[in-house]
Amino acid sequence: MDALSGAEPRRDRDRLDAPSSGARAPVTPWARFSAWLECVCVVTFDLELGQALELVYPSDFRLTDKEKNSICYLSFPDSHSGCLGDTQFSFRIRQCGGQRSPRNTDDRLYNSEAPLSLQRESAHYFGYVYFRQVKDSSVKRGYFQKSVVLVSRLPFVRLFQALLSLIAPEYFDKLAPCLEAVCNEIDQWPAPVPGQTLNLPVVGVILQVHVPSRVDKPESSPLKQCGQENLLPAPLVLTSVHELDLFRCLQPVLTHVQTLWELMLLGEPLVVLAPSPTMSSEMVLALTSCLQPLQFCCDYRPYFTIHDSEFKEFTTRTQAPPNVVLGVTNPFFIKTLQHWPHILRVGEPKMSGGLPKQVKLKKPSRLKTLDTKPGLYTAYTAHLRRDKALLKRLLRGLQKKRPAGVLTALLRRHLLELTQSFIIPLEHYMASLMPLHKSISPWKTPPQIRPFHQDDFLCSLEHAGPQLTCILKGDWLGLYSPTAAASRHP
C-alpha cells in the first residue's frame, strides 16, 4: 500500500515535560504535536490498488497494516454516497498494536482533569476526514479523489473539523511542503490543559479554544477572551472543541429523541443508515452525546464500511448483536444487520410544515432489503411520554428564525434534565449506603459500605424518584429495571 506497510513497533514518542534521569532533557521533536495528534495521513485513489496511503506525517509514526487498511477505506465515502466537492466526516477505529506500554504521566494528568467523555482514548483512534472529489480530465478515472486525515486519541471533533477546513484546501494546492509546515506549527502549540483557554496559530489563523474540565458546569460557556486585543489577526473563536450543532444533527428524529435517548442509556445496539458519511457520523456522535454528563460507555463507530476489519464480528448471527452504535451508508447493511433490534434510516433533510420532515416509528417486519424508507425500525416501546411542549418550542423557534445555537441549547438542556433526573435517585440511594462520618475513626476498624439491593432501590423511587425533578410522565421504574443491577454508564 505504501512504503510504511510493515507492522513495525510504534515509536515511543516522549511527551511534554517527561521526566529524565540526571539533567532535564530538551523537549523532543513532535512532543507538543503528540499532545494533540498521532499523525496526519493523506489517502489517494490508485487505479491498481484502490484507496492507498500516500503520506504519513510525521514519517516515523508507525501504523499497523490493519490500521492502515481501516484508515484507507474509511477515508473515502463509498460508491453509494456520490459525494462531489468537499466533504468532512469522522470515524473511530480500534487500535491494533498489540501489547501497549503503560499510560504515560501526561495522559494521566490530562485524563484526571478532563470530563470522562473527553479523555484520551487508550484503545481507539479517531479519524477526522476532509475528502475532495472533483472532475479532473488529467486523471484517467476523470476525477481527483483525495483525503486529508487527522488521527488523534482526542474526541475534539469541532476543533479538528475547523483545523481541517483551514489546512486541507492549502494542502490540495501546495502539497507536501504545506503539510510539513502545518505539522511544525502544531508542534509549537501548548498542551491541551483542561480548564484553560488557548490560542492555537496555524496557516495565518489563530484558533481560540477552551479545553473543558470536569469542574465546568453543564451548559456553561467558560470561553473567555484571553489577550484577544493583542492578537493580530483576530482569533477564530470556537465555542466548543467537541460539541456539534445538536439541533441540526437530530432534526430528522426530533419526535423520537426521547426514545433514542433511552436506547443510548440502555446501551442498545443501533444501526444508523444515512445518505452520506457526514450525516452518518454526525448522527452517531450526536446520539452518543445525548447522555452528558454521563459518558457513553459502549462502542460506537461514526462511519463503518463492509471493508472494516470488524465487519464479521459485528454482523455475525451466531450471537446477540454487540452493544455498539454503527453509522453506515451502504444499503447492503439493511440485509446484513436485519437481526439487529433497532435500525434508524434517515434521508436527505426535507422540510414539512415548518419542521424538518420526521422519520416515523416502524415495526422491524416492515424493513425491506431494498428501498427501505426512512424510519426508526424497532419493536421497543419508550418508557417516557413524548414531550410535546418541547417540540412546540422548537417549531416556534424555527418559525421565528431563532439562531441555531439557541435551539441546540434548548434541546441539550432538555436531554441534560432527563439524564440528571435519572442520575439523582441513584446518587441519593448510593449515598444512603455509605457509613456516617461519625462512625469513621483511625482507631476503629473501617466501617463497611452496605450492599446495593435492587429491590430496595426500586422501592425508594416511589418517594424519591425522578418525578421530583422532572415533569415528564412515564414508566420511570421500567426504565431503571434493566440498568439497576449493573449500569453500563458509571
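This is a predicted model, so every value here is computed, not measured.

**Brief notes about the packing of aromatic side chains**
Here the distance between the centres and the angle between the planes together describe a pair of aromatic rings.
Next up, step 1: Inspection of the entire model under this criterion finds 21 aromatic pairs.
Next up, step 2: Between Y128 and F160 the ring centres are 5.1 Å apart and the planes differ by 40 degrees, which places this aromatic pair in the tilted class. Here Y128, found in strand β4 (residues 124-135), pairs with F160, found in helix α4 (residues 157-174); they are 32 residues apart in sequence, far enough to count as distant.
Next up, step 3: A relative accessible area of 3% places Y128 in the buried class.
Next up, step 4: Judged by its relative accessible area of 0%, F160 is buried.
Next up, step 5: Ring-pair connections join several aromatic residues into one group, and the members of that group are W36, F126, Y128, F156, F160 and W189.

**A look at the environment of K357**
Next up, step 1: Tracing the sequence through the fold places K357 in the loop between β14 (355-356) and β15 (360-362).
Next up, step 2: On the basis of relative accessibility, which here comes to 53%, the residue K357 falls in the exposed class.

**Digging into the pairing of strand β1 (residues 39-46)**
Next up, step 1: Counting buried positions over the eight residues of β1 gives six, a clear majority of the element.
Next up, step 2: One ladder, built from six bridges, connects β1 with strand β5 (residues 143-152); its direction is antiparallel. The residue of β5 that forms the bridge with C41 is V149.
Next up, step 3: Relative to strand β2 (residues 50-57), β1 is paired through seven bridges, and the arrangement is antiparallel.

**Side note on empty space enclosed by the protein**
Next up, step 1: Scanning all chains against the criterion turns up one cavity of 30 Å³ or more.
Next up, step 2: One number sums up the size of the largest cavity: a volume of about 30 Å³.
Next up, step 3: K66, S70, I93, R94, C96, D308, S309 and E310 together form the lining of the largest cavity.
Next up, step 4: Secondary structure elements with two or more residues in the lining of the largest cavity: α2 (65-74) and β3 (85-94).
Next up, step 5: When its residues are assigned to classes, the lining of the largest cavity shows two nonpolar, two polar and four charged.

**A short note on the sheet that holds strand β8 (residues 236-237)**
Consider a sheet: its strands pair through backbone hydrogen bonds, and that pairing is either parallel or antiparallel.
Next up, step 1: The three strands are arranged β6-β7-β8 in an open sheet whose pairing can be described as mixed. Each of the sheet's edge strands pairs with one partner strand only, and the pair in question is β6 (197-202) and β8.
Next up, step 2: As paired elements, strand β7 (residues 205-210) and β8 share two bridges and run parallel to each other. Following the sheet pairing, Q208 is matched in β8 by V237.
Next up, step 3: Relative to the sheet, α4 contacts β6 and β7, its axis offset from that of β7 by approximately 175 degrees.

**Overview of helix α8 (residues 277-288)**
Next up, step 1: For α8, built from 12 residues, the straight-helix expectation of 16 Å at 1.5 Å per residue is met to within 8% by its first-to-last C-alpha distance of 16 Å.
Next up, step 2: Along α8, the residues classified as buried are P277, M279, S280, S281, E282, M283, V284, L285, A286, L287 and T288.

**Notes on the packing of helix α11 (residues 388-399) against helix α12 (residues 404-432)**
Next up, step 1: Running from N to C, α11 and α12 cross one another at 170 degrees; their axes reach a closest spacing of 10 Å. As the angle between them shows, α11 and α12 are arranged roughly antiparallel. Contacts from L390, R393, L394, G397 and L398 of α11 reach α12 at L407, L410, L411 and H414.
Next up, step 2: Here the contact of α11 with α12 is composed, by residue class, of six nonpolar, two polar and one charged.

**Let's talk about the pairing of β7**
Next up, step 1: β7 sits mainly inside the fold: five of its six residues count as buried.
Next up, step 2: From the end of β6 to the start of β7, which pair antiparallel, there are two residues, and V203 there has a positive phi angle of about 40 degrees.

The rules we used
Residues numbered from 1 in each chain as written. Predicted model: local features only at pLDDT ≥ 70, side-chain atom pairs only at ≥ 80, totals over all residues. Heavy atoms only, no water. Phe/Tyr/Trp six-rings, centres within 6.5 Å; stacked < 30°, edge-to-face > 60°. Helix = DSSP H or I, 4+ residues; strand = E, 2+ residues; numbered from the N terminus. Buried < 20%, exposed > 50% of the residue type's maximum accessible area, 1.4 Å probe, protein only. Pairing = 2+ DSSP bridges. 1 Å grid on protein atoms, 1.4 Å probe; cavity = no way out; pocket = protein on both sides within 12 Å on 5 of 7 lines; lining within 4 Å. Points joined across faces, edges and corners; volume = space filled by probe spheres on them. Nonpolar A, V, L, I, M, F, W, Y, C, P; charged D, E, K, R; others polar. Contact = heavy atoms within 4.5 Å. Axes fitted to C-alpha atoms, helices over the stretch in contact; angles between N-to-C directions. Expected span 1.5 Å × (residues − 1). Parallel < 35°, antiparallel > 145°, perpendicular 65-115°, else oblique.

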